[in-house]
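# Architecture and fold: a report
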Amino acid sequence: MILESKIPEGSIESKWTQYKGHCKLVNPPNKRKMTILVIGTGLAGASAAATLGELGYKVKAFCFQDSPRRAHSIAAQGGINAAKNYPNDGDSVFRLFYDTIKGGDYRSREANVHRLAEVSSNIIDQCVAQGVPFAREYSGLLSNRSFGGTQVQRTFYAAGQTGQQLLIGAYQALERQIAIGNVTMYNRHEMLDVVVKDGKAVGIIVRNLLDGKIERFAGTAVLLCSGGYGNVFYLSTNAMGANATAAWKAHNKGALFANPCFTQIHPTCIPVSGEYQSKLTLMSESLRNDGRIWVPKKKGDERHPADIPEDERDYYLERKYPAFGNLVPRDVASRAAKEQCDTGLGVGTSKKAVYLDFGSAIERYGKEKAHIQDIHNPSIDKIKELGRIVLSEKYGNLFDMYMKITGENPYLQPMRIYPAVHYTMGGLWVDYELQSTVKGLYVLGEANFSDHGANRLGASSLMQGLADGYFVIPYTLGNNLAQEIYNKPISTDDPIFDISEKAVRTQIEKLMNIKGKTSADTFHKRLGKIMWDKCGMARNEKNLKEAIIEIQALKKEFWQDLKIPGSQNEFNPELEKAGRIADFIELGELMCIDALHRNESCGGHFREEYQTPEGEALRQDEQFSYVAAWHRKAEHEWELFKEPLVFDSIKLAQRNYK
Amino acid sequence: MQHYKMNLTIQVWRQKNALEKGQFESYQVKDISSEMSFLEMFDVLNEQLLQEGKDPVAFDHDCREGICGMCSMYINGKPHGPWQANTTCQLHMRAFKDGDTIVVEPWRAQAFPVIKDLVVDRSAFDRIIQAGGYVSVGTSGNTIDANVIPIEKQKADMAFAAAMCIGCGACVAACKNSSAMLFLSAKVSHLSLLPQGQPERKIRVLNMLNKMDEEGFGACTNTNACEATCPKEISVTNIARLNLEYLNASLSKQD
Ligand SMILES: Cc1cc2nc3c(=O)[nH]c(=O)nc-3n(C[C@H](O)[C@H](O)[C@H](O)COP(=O)(O)OP(=O)(O)OC[C@H]3O[C@@H](n4cnc5c(N)ncnc54)[C@H](O)[C@@H]3O)c2cc1C
Ligand code: SF4
Ligand code: FES
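Only a predicted model underlies this, so the values are computations on that prediction, with no experimental measurement involved. For every chain, the first residue of its written sequence is number 1, and the numbers climb from 1 along that sequence. Lettering of chains starts at A and numbering of ligands starts at 1, both following the order in which they are written. Given that this is a predicted model, residues contribute local features only at a pLDDT of at least 70 and side-chain atom pairs are listed and counted only at 80 or more, while totals for whole chains, interfaces and linings are drawn from all residues. To obtain the side-chain values, all non-hydrogen atoms of the structure were included, while hydrogens and water were left out.

On to the confidence of the model for chain B, then. Scored by pLDDT, chain B comes out at a mean of 96, with 98% of its residues at no less than 70. In the predicted assembly, ipTM is 0.98 and pTM is 0.97. Per residue, pLDDT measures the predictor's confidence, with a range of 0 to 100.

It is worth spelling out the pattern of salt bridges at this point. All names here are of chain A. We count a salt bridge whenever a side-chain nitrogen from Lys or Arg sits within 4 Å of a carboxyl oxygen from Asp or Glu. This model, assessed by the stated rule, comprises 74 salt bridges over all chains. Measuring nitrogen to oxygen at the nearest pair gives 3.3 Å for the salt bridge that ties aspartate 290 to lysine 394. Separated by 104 residues along the polypeptide, aspartate 290 in the loop between β11 (263–269) and β12 (292–296) and lysine 394 in helix α11 (residues 380–406) bring together distant segments of the chain. The cut-offs for exposure are 20% and 50% of the maximum accessible area for each residue type, with area from a 1.4 Å probe on protein chains only; residues under the lower value are buried, those over the upper are exposed, and the others partly exposed. Residue classification places aspartate 290 among the buried positions, given a relative accessible area of 5%. We classify lysine 394 as partly exposed; its relative accessible area is 24%. Helix and strand definitions here come from DSSP, where helices need a minimum of 4 consecutive H or I residues and strands a minimum of 2 consecutive E residues; each element is numbered from the N-terminal end.

On to the site of ligand 1, then. Residues and elements named next belong to chain A. Every one of the 38 residues lining ligand 1 counts as a neighbour, but Gln65, Ser73, Met191, Glu446 and Ser461 are closest to it. Polar contact criterion, stated in full: a pair of N or O atoms within 3.5 Å, where within protein one must be able to donate a hydrogen and the other to accept it, and residues adjacent in sequence count only if both atoms are side-chain atoms. Between ligand 1 and the protein, one listed contact pairs an oxygen atom with a backbone N or O atom of threonine 41 at 2.9 Å. One of the backbone nitrogen or oxygen atoms of leucine 462 is found 2.7 Å away from an oxygen atom of ligand 1. Accessibility throughout is a Shrake-Rupley quantity obtained with a 1.4 Å probe, and a residue counts as covered only by protein chains that appear here. When ligand 1 is considered free in solution it has 1000 Å² of accessible area, and contact with the protein chains removes 98% of it. Counting residues per element, the shell around ligand 1 draws most heavily on strand β6 (residues 189–197), at 3 residues. Put simply, Ala, Val, Leu, Ile, Met, Phe, Trp, Tyr, Cys and Pro go in the nonpolar bin, Asp, Glu, Lys and Arg in the charged bin, and everything else, Gly too, in the polar bin. Tallied by class, the residues present in the shell around ligand 1 amount to 16 nonpolar, 19 polar and 3 charged. Here a residue counts as near a molecule or strand whenever at least one of its heavy atoms sits within 4 Å of it.

The next subject is the domain arrangement of chain B. Think of interface size as the accessible area that goes away when the parts come together; that is how it is often given. Residue and element names in this part refer to chain B. Entries for chain B in the domain assignment read domain 1 (5–115) and domain 2 (123–254). The C-alpha centroid of domain 2 is placed 30 Å from the C-alpha centroid of domain 1. Throughout, a residue-residue contact means that at least one pair of heavy atoms, one from each residue, lies within 4.5 Å. With 18 residues of domain 1 in contact, the opposing surface of domain 2 contributes 20 residues. The term buried area means the drop in 1.4 Å probe accessible area that two parts suffer when joined, counted for both and summed. Summing the contributions of domain 1 and of domain 2, the shared interface buries around 1300 Å²; its carbon and sulfur component is 59%. For every domain, the bounds stem from an assignment made automatically or drawn from a database.

What follows concerns the site of ligand 2. Residues and elements named next belong to chain B. With respect to spatial proximity, 13 residues lie near ligand 2, and among them Cys165, Cys168, Gly169, Cys171 and Cys230 are the closest. Residue assignment for the shell around ligand 2 shows that the elements contributing at least two residues are α4 (170–174) and α5 (181–192). Grouping the amino acids of the shell around ligand 2 by side-chain chemistry returns 11 nonpolar, 2 polar and no charged.

Let's shift gears to helix α5 (residues 110–130) of chain A. Since the α-helix packs 3.6 residues into each turn, any two residues three or four apart lie on the same face. Residues and elements named next belong to chain A. End to end, α5 covers 30 Å across 21 residues, agreeing with the expected 30 Å (1.5 Å per residue, within 8%). The reported bend at a residue is simply the angle between two axes, fitted to the 7 residues ending at it and to the 7 residues beginning with it. A maximum bend of about 35 degrees is found in α5 at valine 119. With 19 of 21 residues buried, α5 lies mostly within the body of the structure. At the exit of α5 stands glycine 131, carrying a positive phi of roughly 95 degrees. Here the expected length of a helix is defined as 1.5 Å per residue gap, with one fewer gap than residues.

Between chain B and chain A, the residue contacts involve 73 residues of the former and 76 residues of the latter. Interface area for chain B against chain A, summed over the two sides, is near 6100 Å², with a carbon-plus-sulfur share of 52%. Along the contact surface separating chain B from chain A lie 6 salt bridges. Residues lysine 16 of chain B and glutamate 570 of chain A are paired through a salt bridge, measuring 3.4 Å at the closest nitrogen-oxygen approach. Between chain B and chain A we count 46 residue pairs in polar contact (both at pLDDT 80 or more) in total. Here the side of chain B that touches chain A is composed, by residue class, of 34 nonpolar, 20 polar and 19 charged.

This brings us to the sheet that holds strand β18 (residues 626–634) of chain A. Residues and elements named next belong to chain A. When DSSP finds at least two bridges between two strands, those strands are taken to pair. With antiparallel pairing, the 4 strands of this open sheet are ordered in space as β16-β10-β18-β19. Of all strands in the sheet, those with a lone pairing partner are β16 (427–428) and β19 (637–644), marking the two edges. Across 8 bridges, the pairing between β18 and β19 is antiparallel. Within β19, the position partnered with alanine 629 by the bridge is phenylalanine 641. Here an axis means a line fitted to C-alpha atoms, over the contact stretch when the element is a helix, while the angle between two N-to-C directions is reported on a 0 to 180 degree scale. Where helix α7 (residues 245–252) meets the sheet, its contacts fall on β10 (257–258), β16, β18 and β19, and the angle it forms with β18 comes to roughly 70 degrees. Where helix α16 (residues 573–597) meets the sheet, it contacts β10, β18 and β19, and its direction lies at approximately 135 degrees from that of β18.

Before going further, it helps to spend a moment on the pairing of β6 of chain A. Residues and elements named next belong to chain A. For β6, a buried count of 8 out of 9 residues is recorded, marking the element as mostly surrounded by other parts of the structure. The pairing of β6 with strand β7 (residues 200–208) spans 8 bridges and is classified as antiparallel. Across the sheet, the residue bridging to valine 194 is isoleucine 204, located in β7.

A separate point is unusual backbone geometry. For lysine 351 of chain A, which is not a glycine, the phi torsion comes out positive at approximately 65 degrees. With respect to the secondary-structure elements, lysine 351 of chain A resides in the loop between α9 (330–342) and β14 (354–357). By relative accessible area, which is 30% here, lysine 351 of chain A ends up partly exposed. The backbone of alanine 85 of chain B shows a phi angle near 50 degrees, a positive value even though the residue is not glycine. Along the chain, the position of alanine 85 of chain B falls in the loop between β4 (78–79) and β5 (101–105).

All names here are of chain A. Strand order in the open sheet formed by 5 strands is β5-β2-β1-β9-β17, and the pairing between neighbours is parallel. Among the strands making up the open sheet, the edge pair consists of β5 (183–186) and β17 (441–443). The average angle at which neighbouring strand axes cross in this sheet is 20 degrees, direction not considered. Here strand β9 (residues 221–224) pairs with β17 via 3 bridges, running parallel. Each residue of the ladder has a partner; that of valine 222, found in β17, is leucine 441. Helix-sheet contacts for helix α3 (residues 43–55) involve β1 (35–39), β2 (58–62), β5 and β9, and the interaxial angle to β2 is about 160 degrees. Contacting β1, β9 and β17, helix α12 (residues 461–481) runs over the sheet at an angle of about 150 degrees to β9.

This is the structure we're talking about:
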């Protein structure tokens with residue numbers, strides 16, 4: 001198989017314009033004859049479904065939650081990037097493009113990333129027009145802040161609830177199309193297979209979660225917008241239901257899975273507190289605008305953080321990376337935190353945490369505020385009081401969340417934070433048109449692999465989801481569907497649907513009939529532990545080889561000892577979980593295989609064997625400047641296909657944030 | 001922060017499906033850590049039930065961060081439990097002490113029929129939004145530049161405060177009339193405070209109110225129980241604004 005990325009000719013700046021100018025179109029009457037199936041209603045899915053509905057396609061959209069508004073995108077906190085350059089601090093489309101490629105440690109496709117940077121500005125215009133209440137300055141104009149890996153302020157935000165506001169915007173656009181009748185919404189439905197006929201996606205099989213009914217849907221195209229697979233680690237910042245099933249079923253049907261081992265471990269999350277822990281909570285990267293990260297210089301320093309004087313603290317990010325300081329990219333910050341804790345400098349009861357301290361920011365803002373309010377010689381208490389008010393305006397909901405979870409007050413003492421699994425850069429392989437290796441099957445948002453290389457910069461996933469859904473797929477889908485007008489739409493009575501449905505039913509019955517002793521969650525926790533210990537923040541050959549064997553054994557045990565109560569013909573959350581974990585186990589194995597094969601360190605993929613003398617990730621460009629796309633051949637067996645990465649516009653270099 | 005363990009009695013509403021009648025069941029859970037979240041305590045209970053060969057308790061949840069609006073338990077007589085401005089998933093066990101009995105029920109409202117145990121059907125909320133909870137702008141991106149219309153910071157902040165509603169339905173569950181006025185007013189306020197929401201301001205409020213009645217939600221009698229229970233502290237001043245919007249809209253309809 002040759003992976004055809006279908007990158008248009010021309011200079012990097014002209015590719016997308018050229019493409020849009022020349023792509024084929026589908027006229028309105030023909031659009032009305034075409035059904036598009038959209039799996040997922042996060043930023044990618046909701047924006048795609050609303051836009052395609054508006055264009056005149058007949059859209060059917062699916063999500064497993066009780067409402068499209070609850071997709072995991074809702075939880076995104078910090079913000080969304082766009083090259084608007086409103087602050088006039090030197091931003092441009094090229095700089096956003098450059099930062100993203102560099103941040104991704106040169107493992108993403110230039111043409112896709114440039115397109116993303118190009119449409120970023122439109123996203124902000126679009127969202128404001130929809131009534132998204134972004135943060136504003138007193139001038140009434142939009143406010144910006146910084147995120148990691150950049151030296152400009154290009155992040156738009158709505159307090160710590162940016163994802164919520166953007167998703168509500170897309171959700172409302174979607175509901176409007178539902179009201180008009182262009183989109184039909186199927187809540188509490190889980191897609192369990194893609195129906196593929198003669199190499200082309202022609203429909204899906206879904207399970208109605210309310211009553212367990214298996215249903216068939218036919219379509220001219222299938223769009224997977226099903227999110228990331230971070231929950232393979234059990235503990236992550238993802239929502240409990242986030243899963244890989246839709247993508248994995250597509251993979252089993254021939255869609256290649258690209259760079260599965262590229263996982264993002266986010267540096268600032270609330271640390272694990274006990275065995276019962278079900279998920280981890282992110283403290284947005286935006287906090288690194290104002291929070292300073294440190295550990296005590298002395299090992300085993302048990303003093304209260306407030307009692308540790310300045311000169312006995314090590315602000316290690318500021319020390320090691322003076323140019324970017326606390327705003328280094330996520331992979332760099334996470335590894336640095338791990339390193340501090342591994343050498344015994346961690347804080348808190350578990351010693352697996354570092355401090356994120358707002359003390360300096362509180363004083364700085366307090367003084368500013370006092371100055372504005374004409375308070376002369378304010379007391380330090382007054383300054384702090386004023387400073388805390390400013391912080392609560394900026395990050396109030398995050399601070400509240402921290403307080404509820406830990407019972408500690410971050411206005412008075414530093415937060416304790418530790419890295420946690422957050423995002424998956426890997427995903428189904430797609431070409432420039434977002435089409436997978438299965439014709440008619442498109443992949444949008446976090447579920448695809450295309451834009452973030454080996455490490456995603458903060459505030460760029462929301463940007464990608466909306467770019468894919470609002471601005472890319474409407475063109476690229478049309479370009480491909482223009483040929484479809486000659487083909488008669490397939491019916492769900494076609495025998496190919498019988499085969500797919502039967503496979504789905506067989507798998508469910510198999511799961512139900514194991515009747516073992518161990519709950520799905522228990523297996524999930526065990527898988528997560530293997531993945532975190534051996535395919536997490538630091539990887540090496542020995543561990544990865546062990547992990548593969550352990551996962552294979554776990555898979556066996558799962559299929560012999562799983563216990564699911566109740567029946568398949570009812571609302572049965574345990575059955576839902578079991579199906580997802582079965583897929584996670586297989587995906588986990590592939591992640592380890594991918595991590596093992598990539599004999600280099602890049603971005604979030606850190607192989608201990610490949611590091612610079614200072615402990616930074618050491619790429620091996622000559623050998624590994626490619627996308628690793630895996631084709632499933634049989635159980636435990638995959639074949640590797642490579643898409644070479646060509647860098648015409650940016651020179652490859654060792655990343656340097658010093 | 002002092003951590004502790006506790007043993008608890010959990011009385012949960014069990015209901016097989018929408019048609020069958022439900023009843024309370026009582027369970028004991030042991031060694032619950034004060035650091036756990038309320039839903040993690042339910043995870044422990046469910047694992048226990050599973051091991052005893054019983055059906056685990058069905059409940060809705062997803063983000064467990066207080067933002068998706070999916071979790072929905074009526075705990076000791078209060079939607080989302082005893083803490084102020086909080087969701088079920090963000091409630092932590094340090095709110096309870098050893099030996100406590102905790103009573104957990106689903107949202108109860110005619111417009112939110114029970115699906116199973118603690119899971120209810122809140123799709124009526126989506127249909128209210130369909131009736132007009134949006135700006136009828138296309139998704140082409142060919143609008144005007146985002147900074148062409150400045151919006152007074154105070155107004156933008158007020159719109160944001162209203163837009164924070166997570167659509168959980170606690171306001172309905174808390175209200176003796178099962179009114180959805182707080183939910184509705186949050187959306188009407190969000191959009192009518194912004195310049196983008198102006199063109200459809202009147203028709204929106206009329207259509208959404210009609211839909212709310214049609215879906216079987218009750219009328220608002222200003223008890224403010226909704227505001228007291230709302231996890232996002234959506235203010236009842238939004239209801240006042242909604243009433244004003246309604247008045248304006250109905251008057252101009254007669255013109
Ligand atoms: C806590 C947190 C904070 C974040 N903050 C930021 C931020 O500040 N800025 C930023 O840019 N990014 C952020 N991210 C990342 C970003 O939120 C996600 O990557 C992005 O929202 C993913 O969007 P999506 O549309 O691809 O998928 P999702 O929003 O995850 O949506 C997936 C959809 O697919 C559906 N689905 C999945 N499987 C199936 C199936 N089998 N059948 C039917 N439906 C299915 C789900 O129901 C859901 O509707 C954050 C992530 C987390 C976890
Ligand atoms: S108004 Fe408050 S209680 Fe009601 S749905 Fe919105 S967030 Fe929930
Ligand atoms: S589970 Fe999302 S708000 Fe509680």
